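Structure assessment
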Amino acid sequence: MNVALVFFTYEADAPLLSLAVQAAPRLRAQGHQVTVYVFDEAEHPLATVPEGVQYTRTTFNRCGNLNGLECITGMASIFAELATKHTWILKADCDTFVNHLRWLEDVDPATVPMVGTVHVNKHASGACYAISAQAAPQMAVMLTTPIWQGRADRCHCEDRFFWNAALHGIGGNVGHDGAGNTVEPTHLHHDWMACPQHSFAELATAAAVDFKRCRWNTHPSTWQNDREAAIARMQKYVNFVQNLH
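Residues numbered from 1 in each chain as written. Predicted model: local features only at pLDDT ≥ 70, side-chain atom pairs only at ≥ 80, totals over all residues. Heavy atoms only, no water.

1. Some details on the overall build of the chain
So the rule is basically this: Each helix corresponds to a stretch of at least 4 residues labelled H or I by DSSP, and each strand to a stretch of at least 2 residues labelled E; elements are numbered beginning at the N terminus. Radius of gyration means the value over C-alpha atoms here, while the globule rule gives 2.2 Å times the residue count to the 0.38 power. Three labels apply to residues, based on accessible area from a 1.4 Å probe with only protein chains included: buried if under 20% of the type maximum, exposed if over 50%, partly exposed otherwise in between. When checking whether two residues touch, look at their non-hydrogen atoms; a contact exists if any pair is within 4.5 Å. Working definition of accessibility: Shrake-Rupley area with a 1.4 Å probe, residue cover restricted to the visible protein chains. Counted as positive: Lys and Arg. Counted as negative: Asp and Glu. His and the chain ends are not counted at all. Working definition for charges: the position is that of NZ of Lys, CZ of Arg, CG of Asp or CD of Glu.
Along the backbone of the chain there are nine helices and 10 strands. Computed over its C-alpha atoms, the radius of gyration of the chain comes to 17 Å, within 12% of the 18 Å expected for a compact globule of 245 residues. Expressed along its principal axes, the backbone C-alpha trace of the chain runs to roughly 50 × 40 × 35 Å. Looking at the chain as a whole, 52% of its 245 residues qualify as buried. Long-range contacts, defined as pairs at least 24 residues apart, comprise 65% of the intrachain contacts of the chain with a sequence gap of at least 6. With the model as given, the accessible surface of the chain reaches about 11100 Å², and the carbon-plus-sulfur share is 52%. Each charge sign in the chain was given a centre, from 17 positive and 23 negative side chains, and these centres are 2 Å apart.

2. Digging into the packing of aromatic side chains
Put simply, the test is: In summary, the pairing rule links any two rings of Phe, Tyr or Trp, Trp by its six-membered ring, whose centres are within 6.5 Å, and it sorts them by plane angle into stacked for under 30 degrees, edge-to-face for over 60 and tilted for everything else. Comment: the charge-over-ring label is applied if NZ (Lys) or CZ (Arg) is within 6 Å of the ring centre and within 35 degrees of the ring normal.
Evaluated as defined, the whole model comprises 10 aromatic pairs. Note on F79 and F162: the rings are 5.4 Å apart at their centroids and 55° apart in plane angle, and the pair reads as tilted. Of the two residues, F79 sits in helix 3 (residues 69–82) while F162 sits in helix 7 (residues 158–170), which places them 83 residues apart along the sequence. An identical accessibility class is assigned to F79 and F162; each is buried. With centroids separated by 5.8 Å and ring planes inclined at 85°, the aromatic side chains of F97 and Y237 adopt a geometry described as edge-to-face. Here Y237 lies in helix 9 (residues 223–242) and F97 lies in strand 5 (residues 96–98), a separation of 140 residues in the sequence. In terms of burial, F97 and Y237 fall into one category: buried. Among the aromatic residues, those joined into a ring-pair cluster are F8, Y37, F39, F79, W148, F161 and F162. Note that R151 overlies the ring of W148, its terminal NZ or CZ placed 4.4 Å from the centroid. Sitting above the plane of the W223 ring, R215 keeps its charged end 4.0 Å from the centroid.

3. Observations regarding the nonpolar core
Using the following cut-off: Side-chain atoms within 4.5 Å are what join buried Ala, Val, Leu, Ile, Met, Phe, Trp, Tyr and Cys residues into a set we call a nonpolar core.
With 45 residues, the main nonpolar core has F7, L90, V98 and W103 as its most contacted residues. In terms of nonpolar packing, the next biggest core, distinct from the first, is built from 35 residues, A4, Y37, M75 and F79 among them.

4. Observations regarding the pairing of strand 7 (residues 128–132)
Our working definition: Two strands make a pair as long as DSSP finds a minimum of two bridges between them.
Summarising burial for strand 7: five of the five residues are buried, a large majority. Because side chains alternate across strand 7, one face comprises the buried residues C128, A130 and S132, and the other comprises Y129 and I131, equally buried. Judged from the three bridges that link them, strand 6 (residues 114–118) and strand 7 form a sheet pairing that is antiparallel. What sits directly across from V115, in strand 7, is A130.

5. A closer look at helix 6 (residues 146–155)
Spelled out, the test is: By construction, the arc corresponds to the directions joining the helix axis to the C-beta atoms.
Taken together, the buried positions of helix 6 are occupied by W148, A152 and C155. The buried side chains of helix 6 occupy one side of the element, clustering within an arc of 65° when seen end-on. Every exposed residue of helix 6 that faces more than 90 degrees away from the buried side is listed here: P146, D153 and R154. In this fold, the buried residues of helix 6 make contact with helix 3, helix 5 (135–142) and helix 7. Looking one or two places after helix 6, you find H156, whose phi comes out positive at around 70°.

6. Quick notes on the sheet that holds strand 6
Here is the rule: In this description, a line fitted to the C-alpha atoms serves as the axis of each element, helices being fitted only across the stretch in contact, and the angle between N-to-C directions of two axes falls anywhere from 0 to 180 degrees.
Taken together, the seven strands give an open sheet; going across it, the order is 3-2-1-4-7-6-8, and neighbouring strands pair in mixed fashion. Edge positions in the sheet fall to strand 3 (54–58) and strand 8 (174–177), since each of these pairs with one other strand and no more. Neighbour-to-neighbour, the strand axes of this sheet turn through a mean angle of 25°, independent of strand direction. On the sheet, helix 5 packs against strand 4 (88–92) and strand 7 and is oriented at approximately 90° with respect to strand 7.

7. Looking at the sheet that holds strand 9 (residues 188–190)
Here we have three strands laid out as an open sheet, ordered 5-10-9, and mixed in their pairing. Lying at the two open borders of the sheet, with one neighbouring strand each, are strand 5 and strand 9. Each neighbouring strand pair of the sheet contributes to a mean axis angle of 20°, computed without reference to strand direction. Pairing between strand 5 and strand 10 (residues 208–210): three bridges, direction antiparallel. Paired with V98 across the bridge in strand 10 is A208.

Here you go:
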């Protein structure tokens, strides 16, 4: 499978990104072609960039956290360009470790526009989702029309828009039901939500795992502590999986 593993970053993401990109060699060892792309925020760029990635700085307004029409349009343009080189565009957050791609292996990219895990709000989590090469250019074209521009403006969040655009504009999404936040080979698992947290051996069976508490419904005063906790937990997890055979 030929996959683009895509991260949208800014300066504070460097420690988490350095861990997230370590998934790529493991995915390649599983038999996949994986190219890592980092799209950095030009106004607040990373101080250090991991080796071996395709690095670009973007200038579109991200409205704080990949939100808004300009951001969604910019992301769609990037996805459409990557679709000329890859079968799937896998967008992941910097606190997310992708364990494997078995959750995509039996999915036909010619008929399925998007795959993700739906935890809340009836759309796939933005921490890890995949858009097919066939669907990405279609969504970019949709965003040239007033009706879809209006929908993007109302959706505001990138994950909500892309899920609904794929589902209602193209049709055939695969949305894994993430209710209960179970650990399954087809699902993104929220490590930060689990209480108690699962063992690393269990986490390694999930499709992907994200470690930093979602900023929605949390106060900004907690964000730095959440980031530090995520870095510490993710570092231990990456150390664990690197020793797996």
